[in-house]
Structures are given as C-alpha cells and as structure tokens.
Amino acid sequence: MEKNVYIETYGCQMNFADSEIVGAILTQEGYKLTKSIDESDFVLINTCSIRDNAEQRIHKRLRELRALQTRHPQLRIGILGCMAERLQHQLMEQEDNVSFVVGPDAYRKLPVMLAQVSAGSRVAETELSTEETYGDIEPVRYDSNGITAYISIMRGCQNFCAYCVVPYTRGRERSRDPQTIVGEARSLYEQGYREVTLLGQNVNSYRWHSGEGDVDFPQLMARVAEVSPLLRVRFATSHPKDLSDSLLQTMAAYPNICRCIHLPVQSGSATMLKRMNRHYTPEWYLNRIDAIRHYLPDCSITTDVIAGFCGETEEDHRATLEMFRKVRYDYAYMFKFSMRPDTYAAKHLADDVPDDVKTHRLEEIIALQGEVALENNRKEIGKTFEVLIEGASHRSDKQLFGRNSQNKVIVFDRGSLQPGTYAYVKVTGCTSATLLGEVVDKP
Ligand code: SAH
Ligand code: SF4
Ligand code: F3S
C-alpha cells in the first residue's frame, strides 16, 4: 500500500531546498507527500543546528509528536538535516521515538531506510560526501506558490567561521554542474515560475571545472538570467571577503538580476571579525558597500549580525552600531551569540559576555535597525517599482502583495491583477517592514 510522508522543515533556505529534493527522491519511489500529519506514516523533520534555541525547538517538537504517536501507532519519525548530522548518536540513544536519522548528504538512501524502518528497524546514515550535489534530481515543489523557487547551486562550507556549526553539519564545499542549474531554471520558467533564488553558503566561491573552461558565479548567474528577461534571479549568501566587482558588473548588465545583496557583516569591530575568522576588516567591508553603491545605485543591502561573541567589549559593540549607521541596511537578521559545540570558539574561546549584556546589545541593534529601515522605506514614497505579484495580502484578500527588485514587500489593491504577473506600483506609504502603494501605468 502507498505510504504517506509528511515533511516539516526548519532552518535556512538550503534546508527548504533540500526538503524538495527529499520530496523528489521519495515520490520517485512511490511514496506520497501529504499535507496532513494525521494521515502520515512517516514524519520527516528537517532540522537546524545553527543556534541552541533552534535545536531546543526540535526537542520540543519531538515531545509533541509523542502524543500524536499514541493516537497513530503506525507513525514513524525521522530526523534529517543539520541536527541529524551533529547529534546522530544522541538522537539514536536518547530519543526512542525517533526511528531514523539521516544527514544532509545521505538523502538518496531514504527509500531503503524507510523500507527498513517499516520492517521494524531503527537506522542512521550520516556520512558526509565531498561530491554529492543532488544535481540530477529535479526537486518536487510540494509547498510552492508556483511563482518563486529556490535552486541549490552548491553545498557545504569550509570557511570555518569560529562561531559556526555549518562546516561540521554540511561538510566540504562543492559546486553543482551549471547545466543542471540552468536546466532547472528553464524548466521552472516554463512551468510559470518568475523568480529563482540561487542558494549556497558562499555563492561567490561557486566554481565548476570542465574541459571547456571553468564557470564562476558571475558567469553562472548570467546564464540563468538569460533563460528569460521575465525570470528574476536572486542569490544568497555572499561572503564579504569574496564579493567581486565582476559580480556587481554582471548584475548591472542584467536588469532581471535583482537589486538586492545579502552581505552578512557579523560585527563592525576589527577585533571581533578577526576572532570570528571572517577574513575581512571593517574597512574592506565598507569598501565592498561602496562598490555596490557604485555599480548598482538602487541596490538594497541586507545583513546578518551577531551580538555578544566571545570577548566582545562595549567598544566592539559600539563599532557594530557604527557600521549599521554607516551602511543603513534595508533589512537585518540579528542574533545573540550562541556557543556551538565543536566549533573553534567552543574549543578555544570563552563565552564570556553575560546573557543579559548580549540581550541588551541585541536590543540596541534591533532598535537602531528599526529606525533605519523606516527611514529607508520613507525615502521610497513617490517612487514607482516593477513588482512581481506573489499572492493575496495577509491582511485582506482585496489586496495583493509582491516584491520589487530590491526584495521589499509592497501591498496594493487587487484590481484585476493576478499573482505570477508583473505590475508597476507607486509607493504611497510605508511601515518599517512593508511598502504600501497603488498600481500605475508603466512609468
Ligand atoms: N553562510 C552564511 C550564513 C549562514 S548561518 C554566511 O556566511 O553569511 C546564518 C547566520 O546565522 C550567520 O550569518 C550568523 O549571523 C548566524 N549565526 C551562525 N552561527 C551562529 C551562532 N553560533 N550564534 C549566533 N548566530 C549565529
Ligand atoms: Fe558558517 Fe561562515 Fe560558512 Fe557562513 S561562511 S556557513 S557563517 S562557516
Ligand atoms: Fe541551520 Fe544547517 Fe542551515 S545549521 S542554518 S539548517 S545549514
């Protein structure tokens, strides 16, 4: 009989892209993906280890699922993703309601593993690979809006930022065959998709070696942009140490490559950046910001930042605030430092900033960023943007929302417009998170 699989995803965009690969591997073997956890035979939880609270959330979820299992004794639970990689033994030993544990490079083994689990075994596969990219697998977009999609272009990371668990959970960096990437973009476009986001932990170090010469990230992006001028291209994440002028020039040459760069700064202090093993200085980072403004004057810039890394002083923290004032980010993901086992920091540094100080510093950054984002958005009032319509606004189905090239959300009256098409929208108002506008004729 056909077995139902329910997939639940936590963590970063890469994990969401991986879940769609898992969906493809399992549907090919006759499993059915279900949106109803109550009807499922297998619950697959694709997990994240980036901060301690991400893992705590999964442990809590496992406790909740125990209750579900008493109602549905046939239900088998599997842990996938970064936590599976990091905690394979602990999960197998301490979580008796977990039947299988699968690391990010072992998803092709899932059909065999699910068969073993059905036969009563508990199994774990967590070997990392230096080659696996799942390049030949066309993801099943089981939870998609049919308009925007992720395309994974590389896996792993070997930057070993001192605080970060990703190199340990995802293994060595490897790039995917550009032909399969462009093929996937083309197939998405033909199915009606209008935006793809190329994903990697450090997309600037994408490189494919072939007999006809190497393909680097700017070249790859140009190829994807050439699929159609109606297909928007985004990417994440860029590491500041590798953000090249050639990437910015390529972006400038293609209007459908979106004017938005996510450039995680992590800290504004030279001492902290060095201790974090980021391989750039605040001066270098600001030089890259100047280069973005030079080549792409209308580009939005977003970032990630960590408050309270090992040994961070008040002065280091002030330098981060100063960086935020100088760059004026359009959006920021802001985090309290969370010590992760096995990282360089865990082995060699002390988590010596008290939690209340971390919280206070984080709040200061959040408050400053809130002001800057609102001021930035106010400057958009009166401008007209091309918007890709994604769907009904969360507040009212008489309104639609979409994004401009800068990735800002704009809400406007529905009229006779349809999701998946482009419209010109003039901004008439804003909050710190959203622009409000009205549809206009082409400017
Ligand atoms: N590859 C991306 C980031 C991946 S993780 C890059 O290099 O920019 C996403 C973000 O989580 C990081 O940018 C960082 O800001 C944050 N992060 C990573 N490890 C963390 C930790 N131990 N504590 C708090 N935040 C962390
Ligand atoms: Fe982590 Fe640094 Fe790699 Fe990003 S670049 S995933 S922060 S080690
Ligand atoms: Fe989390 Fe793994 Fe992504 S640790 S942020 S799911 S790479």
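## Digging into the site of ligand 2
At step 1: Around ligand 2 lies a shell formed by C157, N159, F160, C161, Y163, C164, V166, P167, Q201, H239 and R278.
At step 2: Broken down by class, the residue content of the shell around ligand 2 amounts to seven nonpolar, three polar and one charged.

## Details of the packing of aromatic side chains
At step 1: Scanning the entire structure with this criterion turns up ten aromatic pairs.
At step 2: Judged by centre distance (6.0 Å) and plane angle (20°), the ring pair of Y107 and Y134 falls under stacked. With Y107 in the loop between β5 (98-102) and α4 (110-118) and Y134 in the loop between β6 (123-125) and β7 (148-152), this pair connects stretches of sequence that are 27 residues apart.
At step 3: Accessibility expressed as a relative area gives 1% for Y134, which makes it buried.
At step 4: Taking the centre distance of 5.5 Å and the plane angle of 75° together, the rings of F160 and Y168 count as edge-to-face.
At step 5: Judged by its relative accessible area of 36%, F160 falls in the partly exposed class.
At step 6: Three or more aromatic residues link up through ring pairs in this structure, and these residues are Y31, F42 and F100.

## Let's talk about the site of ligand 3
At step 1: Every residue close to ligand 3 is listed here: C12, N15, T47, C48, S49, I50, C82, V166, R170 and Q201.
At step 2: Grouping the constituent residues of the shell around ligand 3 by class yields five nonpolar, four polar and one charged.
At step 3: Each of domain 1 (4-125) and domain 2 (144-258) gives at least three residues to the shell around ligand 3.

## A short note on helix α2 (residues 52-71)
At step 1: With 20 residues, α2 extends 30 Å between its outermost C-alpha atoms, agreeing within 8% with the 28 Å of an ideal straight helix rising 1.5 Å per residue.
At step 2: Here α2 has its buried residues at A54, E55, I58, H59, R61, L62, L65, L68 and Q69.
At step 3: Buried-residue contacts for α2 involve β1 (4-9), β3 (42-47), β4 (76-81), α3 (82-94) and β5.

## A look at the domain arrangement of the protein
At step 1: We note that the domain assignment places domain 1 (4-125), domain 2 (144-258), domain 3 (260-379) and domain 4 (384-440) within the protein.
At step 2: Put simply, the middle of domain 1 and the middle of domain 4, counted by C-alpha atoms, are 36 Å apart.

## Considering the side chain of T9
At step 1: With respect to the element layout, T9 can be found in strand β1.
At step 2: Here T9 falls in the buried class, since its relative accessible area comes to 16%.
At step 3: A distance of 2.7 Å separates polar atoms of two side chains, one belonging to T9 and the other to S19.
At step 4: Setting aside chain neighbours within four positions, we find T9 in contact with N15, F16, S19, N46 and Y142.

Cut-off values and rules
- Residues numbered from 1 in each chain as written.
- Chains lettered and ligands numbered in written order.
- Predicted model: local features only at pLDDT ≥ 70, side-chain atom pairs only at ≥ 80, totals over all residues.
- Heavy atoms only, no water.
- Near = heavy atom within 4 Å.
- Nonpolar A, V, L, I, M, F, W, Y, C, P; charged D, E, K, R; others polar.
- Phe/Tyr/Trp six-rings, centres within 6.5 Å; stacked < 30°, edge-to-face > 60°.
- Helix = DSSP H or I, 4+ residues; strand = E, 2+ residues; numbered from the N terminus.
- Buried < 20%, exposed > 50% of the residue type's maximum accessible area, 1.4 Å probe, protein only.
- Domains from an automatic or database assignment.
- Expected span 1.5 Å × (residues − 1).
- Contact = heavy atoms within 4.5 Å.
- Polar contact = N/O pair within 3.5 Å; in protein donor to acceptor, adjacent residues only side chain to side chain.

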